[in-house]
Amino acid sequence: MTLPFLDKRFVIVAGKGGVGKSTLCAALGLLAAKAGKRTIVAELNTKEKVPHFFGKPDSGYNAQEVRENLYSINIQPEPALHEYGLQKLKFERVYKLVFENEAMQRLIRMIPGMSELFLLGKAFDLERSRTRTGTPAWDLVIVDAPATGHGVSLLRLPQVILEVSSTGPMADEVRLMRDLLSDPRRTMINIACLPEEMPVKETLMLAEQVESILKIPTGFLFMNGLLPEVENDEERAWSAALRSDTEDPVVLRALDCLDGMARRQALQESYVELLREKTRMPLVEIPYLFQRDFGVEALEAIGDVLEKAMVAEAAATAGAG
Ligand SMILES: Nc1ncnc2c1ncn2[C@@H]1O[C@H](COP(=O)(O)OP(=O)(O)OP(=O)(O)O)[C@@H](O)[C@H]1O
Ligand SMILES: [Mg+2]
């Protein structure tokens, strides 16, 4: 069975800062690459994370192969603008005259969202770029979106621009971006979350905004960093007996740690329930991995979990339909 994100072309992972967006982008990328898809993970003007999982240096603006079939890029506004300008104006000299004069630079800085538009534009270009023979240069583009608020305004830009001006070459470009973002055959937005109060609040808000404002077809809600179940009933009885039996401070402290972790795990479970209840996106539970260095092995472990959950979800959907 094909994983539900593998038949898309533009897969976005959004969510609050620090919840694991880049990790999930890399894990999805690895799954796709293994399935034979030529995949690129695009980080947007950020401190790069994706190539480091694979032991590679920063990619910068030029796609770097980090694994067979898997590439990463960090899209920055200046080179994106430069590339766009050159595409339109053809000649470096003309580009310099038009874009590198002080007035134009000031204009670009003044218009809110203008430099972000070039970030999105480049990501969009990756999707539409074709090789000389006309086949897509990338089978799959995975976009590591900026943290929540910033991500929403970025993904909303095409709509906002079209509301202000709906004619002209700029509007035509932007309309194509909006069409891609709203196309369920090509695009899917996923939300990453942690089982903690603020990330859950932001996820509920983001899921609502995705549906009501962004209107981007939704994929999965990745609940990341779930602690394993600490004790079953039998073990609980055993540790209660041990506690009443011992005065050893080390054992007592270890038992306190276990209790603390069990309470935390119960709290995490309550957040999972809350999100299941309040959003319509299928929730995928991803365990917290106690690995010292978080590299390809960790990504593969997360990939296995994603794969199983997605297959189960697809089967359930097919059964329901
Ligand atoms: N399931 C997991 N188990 C353990 N550690 C994890 C897990 N997922 C992510 N991490 C770690 O959590 C940290 C944050 O993850 P990541 O950088 O992917 O978050 P992010 O949402 O992209 O952050 P930012 O908003 O800063 O870009 C990383 O150091 C990563 O290695
Ligand atoms: Mg990140």
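Everything below is about the structure printed above this text.
These numbers come from a predicted model, not from an experiment.

Reading the values: the criteria
Residues numbered from 1 in each chain as written. Chains lettered and ligands numbered in written order. Predicted model: local features only at pLDDT ≥ 70, side-chain atom pairs only at ≥ 80, totals over all residues. Heavy atoms only, no water. Buried < 20%, exposed > 50% of the residue type's maximum accessible area, 1.4 Å probe, protein only. Helix = DSSP H or I, 4+ residues; strand = E, 2+ residues; numbered from the N terminus. Pairing = 2+ DSSP bridges. Axes fitted to C-alpha atoms, helices over the stretch in contact; angles between N-to-C directions. Contact = heavy atoms within 4.5 Å.

### Side note on the pairing of strand β4 (residues 70-75)
- A large share of β4 lies buried, amounting to six of its six residues.
- Residues Leu70, Ser72 and Asn74 of β4 are buried on one face, and the alternating residues Tyr71, Ile73 and Ile75, pointing to the opposite face, are buried as well.
- Of the pairings in the sheet, the one linking strand β2 (residues 39-44) to β4 comprises six bridges and is parallel in character. Counted as the bridge partner of Leu44 is Ile75 from β4.
- Where strand β3 (residues 64-67) and β4 come together, three bridges link them in antiparallel fashion. Looking at the pairing, Glu65 lines up with Tyr71 of β4.
- Connecting β3 to the antiparallel partner β4 that follows it, the hairpin turn spans two residues, and Asn69 within it adopts a positive phi of roughly 75°.

### Focus: the sheet that holds strand β6 (residues 187-193)
- Judged by pairing direction, the sheet is mixed, and its eight strands sit side by side in the order β3-β4-β2-β5-β1-β6-β7-β8 without closing on themselves. Lying at the two open borders of the sheet, with one neighbouring strand each, are β3 and β8 (283-287). In this sheet, neighbouring strand axes are inclined to one another by 25° on average, regardless of whether the strands run parallel or antiparallel.
- Note: β2 against strand β5 (residues 140-144), five bridges, orientation parallel. In the strand pairing of β5, Thr39 is matched with Leu140.
- Sitting on the sheet, helix α11 (residues 249-278) is in contact with β6, β7 (218-226) and β8, with an inclination near 170° to β7.

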